[in-house]
Amino acid sequence: MKIIQKAPNPSGAYPGIQESDMKNVQEGMALWPEELDTGDFYEHNGFVTLTLGEIEGISVVTGYVSNIEAWEAWKASLPPPEPEPEPEEAVTWAALDAAYREGVSTAYDS
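What you are looking at is a predicted structure, and each value in this text was computed from that prediction instead of being measured.

On to the pattern of salt bridges, then. What the rule picks out here adds up to 3 salt bridges. In this structure, the salt-bridge partner of E34 is K2, at a minimum N-O distance of 3.9 Å. Of this pair, E34 sits in the loop between β3 (29-32) and α1 (39-43) while K2 sits in strand β1 (residues 2-5), and the two are 32 residues apart along the sequence. Look at K2 and you get buried, because its relative accessible area is 17%. The partner of E72 in a salt bridge is K75, with the nearest N and O atoms 3.7 Å apart. Here K75 and E72 lie together in helix α2 (residues 68-77), a separation of 3 residues that amounts to about one turn. The partly exposed category is assigned to K75, whose relative accessible area is 34%.

See the structure below:
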């Protein structure tokens, strides 16, 4: 069974949906039905608004909508990505051959 916290984190995002083999849904959690798509949930990093229902005393997610405004604000608050370091120049066979020939030439010139 899949479960999720009923309340979002302080950031406004819900933590990931968890797989559970428990027989009961714990307090503070809701059942996430297998047939309910998770694509938008993960695409928007859990920034959604859940619609909860109840079946036989168990909280169940019946739907959700993406909270684009909160998601965009969160993304804007992230630090800029570190620039990728410049790759070191690859040594080619031609460069190794040239260095070898220079070393051999220098050794015979002495």
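Relative to strand β5 (residues 58-66), strand β4 (residues 48-55) runs antiparallel, the two sharing 8 bridges. Bridge assignment links E54 to a residue of β5, and that residue is S59. Between the antiparallel neighbours β4 and β5 lie 2 residues, among them E56 with a positive phi of about 50°.

Let's shift gears to the packing of aromatic side chains. Counted according to the given criterion, the structure contains 5 aromatic pairs. Measuring from ring centre to ring centre gives 5.0 Å for F41 and Y42, while their planes differ by 85°; the resulting arrangement is edge-to-face. The class for Y42 is partly exposed, based on a relative accessible area of 44%. Aromatic side chains F47 and W74 sit 5.4 Å apart centroid to centroid with 40° between the ring planes, which places their arrangement in the tilted category. Taken together, the residues span a long stretch of sequence, with F47 in the loop between α1 and β4 and W74 in helix α2 at a distance of 27 residues. Under the relative-accessibility criterion, F47 is labelled buried at 1%. Taking the relative accessible area as the measure of exposure, W74 reaches 29% and is therefore partly exposed. Clustering of aromatic rings is evident, with ring pairs tying together W32, F41, Y42 and Y64. Directly above the aromatic system of W71 lies the positively charged group of K75, at a separation of 3.7 Å from the ring centroid.

Calculation criteria
- Residues numbered from 1 in each chain as written.
- Predicted model: local features only at pLDDT ≥ 70, side-chain atom pairs only at ≥ 80, totals over all residues.
- Heavy atoms only, no water.
- Salt bridge = Lys/Arg side-chain N within 4 Å of Asp/Glu carboxyl O.
- Helix = DSSP H or I, 4+ residues; strand = E, 2+ residues; numbered from the N terminus.
- Buried < 20%, exposed > 50% of the residue type's maximum accessible area, 1.4 Å probe, protein only.
- Pairing = 2+ DSSP bridges.
- Phe/Tyr/Trp six-rings, centres within 6.5 Å; stacked < 30°, edge-to-face > 60°.
- Lys NZ or Arg CZ within 6 Å of the ring centre and 35° of its normal.

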